[in-house]
Amino acid sequence: MKLKAGLLALFFIFGILENVFSNSKNENQIQKNQKTITPEFFYNEENSFYQEVAIFKKAFPSVDFRIDYDEEIDDFLLVVTSYRKENVYYWAKGLYLPKSELKNKEKYSIVFERYNEEVLNPEKMTDEMIASIRKFSSKENRTSKIASKFLFNGIFDAWTRRSTESHLLRNRFLGKWQSVHEMLVPHLDEIERQIYELAKSDPEVATFVQNLASADSYSWREIRDSGARSFHSYGTAVDILPYGWTKKITYWGFEKGEGNEDWMLIPIEKRWAPPKKVIDIFMSEGFYWGGYWALWDNMHFDYRPDFILFGKTKK
Ligand SMILES: [Zn+2]
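Everything quoted here is computed from the prediction, not taken from an experiment.

Q: Outline the overall build of the protein chain, supporting the account with residue identities and numerical values.
A: What the protein chain contains, in helices and strands, is 11 helices and 11 strands. Expressed as a percentage of contacts within the protein chain between residues at least 6 apart in sequence, the contacts between residues at least 24 apart total 60%.

Rendered as structure tokens:
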């Protein structure tokens, strides 16, 4: 046992050293990648286990995260206990995979993708970036990886439809009913409180509230590969839609579906979006806005307090 503890201590020291080096590597990589968007641009693999675990602990205080080490496989383990169920994940350089998925490592991208908190402006995009986004969003693109979400199956106790639905609550949010994961409800209450308060003095926010048509969350989708699940099937994503949204430009996929291959060039001011102050309130309660993705989804918010904290460490 002593040997194991000593080894762990040694790994911690190496971990800290690795942090220092990988951080500087990180910055180089980000700077280099800002010129062109490639799959590597989104899936930066230079992340550190220790920083990440600290982020998870802070982001999900009701969940227990314990560190361990598997000598045989030579990898760190994260033991996640949530809703009295224990799940073990292999770090796998940021993939957080159950043992059974280690053999499929190359299929997945890391949990903390490159962070962005700005709408990608078409006016500032190079031809290479446009070509890269076009390729990334094409059906023929078989090279892109699936975001590893196994960790969230443990955090939200959402491995199966039955366990997922056992955590859903009917919630009234900004005057609309939604079916949402129980972990989100206190945060949605706080978002609502702040939006209503702001609407008293801010006409733009007041109009946004008046024009809100729906705020749906849970939607189960049977997907063969659980790694490709949308957070809607966890009840941890919310879509905010205004009345008449079918006539507005809200989501890149609808535009492409209509045959607009140049959907990424649609000027920002022509896309519907919630007021910036509303987006900021969501972000402050752990909801990441889909409008910041290169493949923008302006109605969408993911409950990812870990990802937003990760973004703060990169500033
Ligand atoms: Zn959505």
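Q: Talk me through the sheet that holds strand β9 (residues 237-242); I want residue IDs and the actual numbers.
A: Pairing is antiparallel in the open sheet, where four strands are placed in the order β8-β9-β11-β10. In this open sheet, the two edge strands, each paired with only one partner strand, are β8 (212-216) and β10 (287-289). The sheet shows a mean angle of 20 degrees between the axes of neighbouring strands, direction not considered. Note: β9 against strand β11 (residues 300-303), three bridges, orientation antiparallel. What sits directly across from A237, in β11, is D302.

Q: Can you lay out the environment of R271 for me, pointing to particular residues and giving the numbers?
A: Relative to the helices and strands, R271 is located in the loop between α9 (252-257) and α10 (276-284). Counting along the chain gives 27 residues from R271 to N298, while the straight-line C-alpha distance between them is 7.9 Å.

Q: Give me the lowdown on the pairing of strand β3 (residues 85-90), citing residues and values where you can.
A: Strand direction decides the pairing type here: strand β2 (residues 75-82) and β3, joined by six bridges, are antiparallel. Each bridged residue has a counterpart across the sheet, and for T81 the counterpart in β3 is E86. Here β2 folds back onto β3, and the loop between the two strands holds two residues, one of which, Y83, carries a positive phi near 50 degrees.

Q: Help me get a handle on the sheet that holds β2, residues and values and all.
A: By definition, the strands of a sheet pair up through backbone hydrogen bonds, in either a parallel or an antiparallel sense. Spatially, β1-β2-β3 is the arrangement adopted by the three strands of the open sheet, whose pairing is antiparallel. The open sheet terminates on both sides in strands that have one partner only, identified here as β1 (64-70) and β3. Neighbouring strand axes in the sheet, compared pairwise and without regard to direction, differ in orientation by 25 degrees on average.

Q: An account of α10 is requested, with residue identities and associated values reported.
A: If you check which residues of α10 are buried, you get V278, I279, I281 and F282. In a view along the axis of α10, the buried residues occupy a sector of 160 degrees, so they form one face of it. In α10, the exposed positions that point more than 90 degrees away from the buried face belong to K276 and D280. One or two residues past the end of α10 sits G286, with phi positive at roughly 95 degrees.

Q: Which residues make up the confidence of the model for the protein chain, and what values go with them?
A: For the protein chain, the average pLDDT comes to 85, and 81% of its residues sit at 70 or higher. Note on residues 1-45: pLDDT under 50 across the span, and 44 contacts to partners over four residues away in sequence or across chains.

Q: Kindly report on the nonpolar core, identifying the contributing residues and their values.
A: Y89, Y96, L97, L151, V278, F282 and F301 are the most contacted members of the largest nonpolar core, which has 60 residues in total. Dropping the residues within four chain positions of it, Y96 is found in contact with L78, Y89, W91, V111, S148, F150 and L151.

Q: I'd like a description of the environment of W220, backed by residues and values.
A: Residue position: W220 is located in the loop between β8 and β9. You can call W220 partly exposed: it has 13 C-beta atoms within 10 Å. When the C-alpha atoms of W220 and T164 are compared, they prove to be 9.2 Å apart, with 56 residues separating the residues in sequence. Apart from the residues lying within four places of it in its own chain, the contact partners of W220 are R161 and S233.

Q: Tell me what's going on with the packing of helix α3 (residues 49-59) against helix α11 (residues 305-313), and back it up with residues and numbers.
A: Each pair of packed helices gets described by two things: the angle between the helix axes and the distance between those axes. Two numbers describe how α3 lies on α11: the axes approach to 9 Å, and their chain directions differ by 130 degrees. Viewed along their axes, α3 and α11 adopt a mutual orientation that is oblique. In this structure, the crossing between α3 and α11 has a hand that is right-handed. Where α3 approaches α11, its residues Q51, I55, F56, K58 and A59 are matched on the opposing element by P305, D306, L309, F310 and T313. Split by residue class, the contact of α3 with α11 holds six nonpolar, two polar and two charged.

Rules used throughout
- Residues numbered from 1 in each chain as written.
- Predicted model: local features only at pLDDT ≥ 70, side-chain atom pairs only at ≥ 80, totals over all residues.
- Helix = DSSP H or I, 4+ residues; strand = E, 2+ residues; numbered from the N terminus.
- Contact = placed C-beta atoms within 7 Å.
- Pairing = 2+ DSSP bridges.
- Axes fitted to C-alpha atoms, helices over the stretch in contact; angles between N-to-C directions.
- Buried ≥ 20, exposed ≤ 12 C-beta atoms within 10 Å, placed from the backbone.
- Arc of directions from axis to C-beta.
- pLDDT = per-residue confidence, 0-100.
- Core = buried A, V, L, I, M, F, W, Y, C linked by C-beta atoms within 7 Å.
- Parallel < 35°, antiparallel > 145°, perpendicular 65-115°, else oblique.
- Left-handed = near helix turned anticlockwise from the far one by under 90°.
- Nonpolar A, V, L, I, M, F, W, Y, C, P; charged D, E, K, R; others polar.

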